[in-house]
Amino acid sequence: MNRVALVTGSSRGIGRGIANALAKLGFNVIINYAGNAEAAAQTAEQCIESAGSEGKSITAEVFKADISNSDDRRRLIEFTYDRFNRLDLLVNNAGVAPRPRADILEANEESFDRMIHINLKGPYFLTQSAANKMIEHLHNPPANPPYNPKIITISSVSAYAASVNRGDYCITKSGLSMLTQLFAARLSEFGIGVFEIRPGIIATDMTAPVKERYDKLIAEGLYPIKRWGTPDDVGRAVCAVADDLLPFSTGEVINVDGGFHMRTL
Ligand code: NAP
């Protein structure tokens, strides 16, 4: 039996990069998506190939669930346990950007509610459900491979960088930082490590509409490592946690941002 990872929003973008990286490590992966079944199926195929390239054999399952919906979240966790009877790693990755971006003096409540439901409430209660199942399982842990469950949440530099044209997005990402602190504090007694990964500017469908603007900013030195980040950059950071390379850490923030978070003079 392989270890099992559930990656929300892994049909495309960063989630796909994370699923591929975990498949290379030999995780069975559950690829969650909201609507794009074709992309999710492609991720599943890629995961099996990625694992094969490392001489590993894994299972990749696809499951449609809107993480802002409580019934869907329950079905997603049930599916995970029906299919694999264990969950070693939850990666809260699914998230959306406001459409369109709007100045905070004009942005509307509809966009705010959408951001909160998908980007914050969804991961918060999915984490609660997954944590309870993990705790239950720790009373009678599977022997092989050893059970050492973890939770990772993908936030953003928007957790602390104020962008006045997408205030609702920033607020949800800053909430995810507190989500990580809260669950890290609550779950440490069970040995469940909880981590936040804070990506910078990563090339995905989400950032495609602002590509030219960011190309220019990066070239002008917005941050020290002058290139776009990739989904694989984030996937590798997830693997460091998943593979137990940070055993004396929890509630930790891992910046995957080309050095954007540094103050320089
Ligand atoms: P993306 O390319 O737009 O992909 C979004 C993924 O989330 C897709 O798989 C989508 O599924 C899924 N999704 C959307 N709404 C969902 C819902 N309600 N329930 C379940 N899944 C849902 O975005 P991305 O750039 O990879 O971003 C992934 C995460 O990283 C987000 O949380 C984002 O805020 C964060 N992030 C991104 C960047 C960046 O520069 N790209 C930087 C920092 C943080 P479908 O394919 O079915 O639509």
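Residues numbered from 1 in each chain as written. Predicted model: local features only at pLDDT ≥ 70, side-chain atom pairs only at ≥ 80, totals over all residues. Heavy atoms only, no water.

### Remarks on the sheet that holds strand β2 (residues 28–33)
- Spatial strand order, β3-β2-β1-β4-β5-β6-β7: seven strands in an open sheet with parallel pairing. Either end of the sheet is taken by a strand with one partner, and the two such strands are β3 (60–64) and β7 (252–256). The sheet shows a mean angle of 20° between the axes of neighbouring strands, direction not considered.
- Across four bridges, strand β1 (residues 4–7) lies against β2 in parallel orientation. From the neighbouring strand, L6 faces β2, where its bridge partner is I30.
- Packing of helix α2 (residues 37–53) onto the sheet brings it into contact with β2 and β3, and relative to β2 it is tilted by some 165°.
- On top of the sheet, helix α4 (residues 109–138) reaches β4 (89–92) and β5 (150–154); it is set at about 175° to β4, its chief contact. (Pairing = 2+ DSSP bridges. Helix = DSSP H or I, 4+ residues; strand = E, 2+ residues; numbered from the N terminus. Axes fitted to C-alpha atoms, helices over the stretch in contact; angles between N-to-C directions. Contact = heavy atoms within 4.5 Å.)

### Examining unusual backbone geometry
- Omega for the peptide link from R99 to P100 comes to -10°, which places this bond in the cis form.
- Within the secondary structure, P100 sits in the loop between β4 and α4.
- Even without being glycine, N85 reaches a positive phi, approximately 55°.
- In this fold, N85 is placed in the loop between α3 (70–84) and β4.
- Notably, D244 is not glycine yet its phi reads approximately 65°, a positive angle.

### Overview of helix α1 (residues 13–25)
- Its 13 residues give α1 an end-to-end C-alpha distance of 19 Å, which sits within 8% of 18 Å, the value for a rise of 1.5 Å per residue.
- In terms of burial, α1 is a largely internal element, ten of the 13 residues being buried.
- Of all the positions in α1, only I14, G15, R16, G17, I18, A19, N20, A21, L22 and A23 are classed as buried.
- Once α1 finishes, G26 follows within two positions and takes phi at roughly 100°, a positive value. (Expected span 1.5 Å × (residues − 1). Buried < 20%, exposed > 50% of the residue type's maximum accessible area, 1.4 Å probe, protein only.)

### Looking at the site of the ligand
- Near the ligand you find 32 residues, and of these S11, G35, N93, Y169 and T204 are the closest.
- Within the contact set of the ligand, an oxygen atom lies 2.7 Å away from a side-chain nitrogen or oxygen of R12.
- Between the ligand and the protein, one listed contact pairs an oxygen atom with a backbone N or O atom of G200 at 3.4 Å.
- Protein coverage of the free-state accessible area of the ligand, which is 910 Å², stands at 93%.
- Mapped by element, the contributors of at least two residues to the shell around the ligand are α1, β2 and α5 (167–187).
- When grouped by side-chain class, the residues that make up the shell around the ligand number 14 nonpolar, 14 polar and four charged. (Near = heavy atom within 4 Å. Polar contact = N/O pair within 3.5 Å; in protein donor to acceptor, adjacent residues only side chain to side chain. Areas by Shrake-Rupley, 256 points an atom, 1.4 Å probe, with all protein chains shown as cover. Nonpolar A, V, L, I, M, F, W, Y, C, P; charged D, E, K, R; others polar.)

### Focus: the packing of aromatic side chains
- Considering all chains together, one arrives at six aromatic pairs under this definition.
- Taken together, a centroid distance of 5.5 Å and an interplanar angle of 65° make the contact between Y124 and F183 edge-to-face. Of the two residues, Y124 is situated in helix α4 and F183 in helix α5; the sequence distance between them amounts to 59 residues.
- By relative accessible area, Y124 is classed as partly exposed at 31%.
- The exposure class of F183 is buried, given its relative accessible area of 11%.
- Relative to F260, the ring of Y160 has its centre 6.4 Å away and its plane inclined at 40°; by these criteria the two rings are tilted. Taken as a pair, Y160 in the loop between β5 and α5 and F260 in the segment after β7 lie far apart in primary sequence, 100 residues in all.
- Seen from the ring of F84, R83 lies directly overhead, with NZ or CZ sitting 4.9 Å from the centre.
- Taking NZ or CZ as reference, K133 lies 4.7 Å from the ring centre of Y81, over its face. (Phe/Tyr/Trp six-rings, centres within 6.5 Å; stacked < 30°, edge-to-face > 60°. Lys NZ or Arg CZ within 6 Å of the ring centre and 35° of its normal.)

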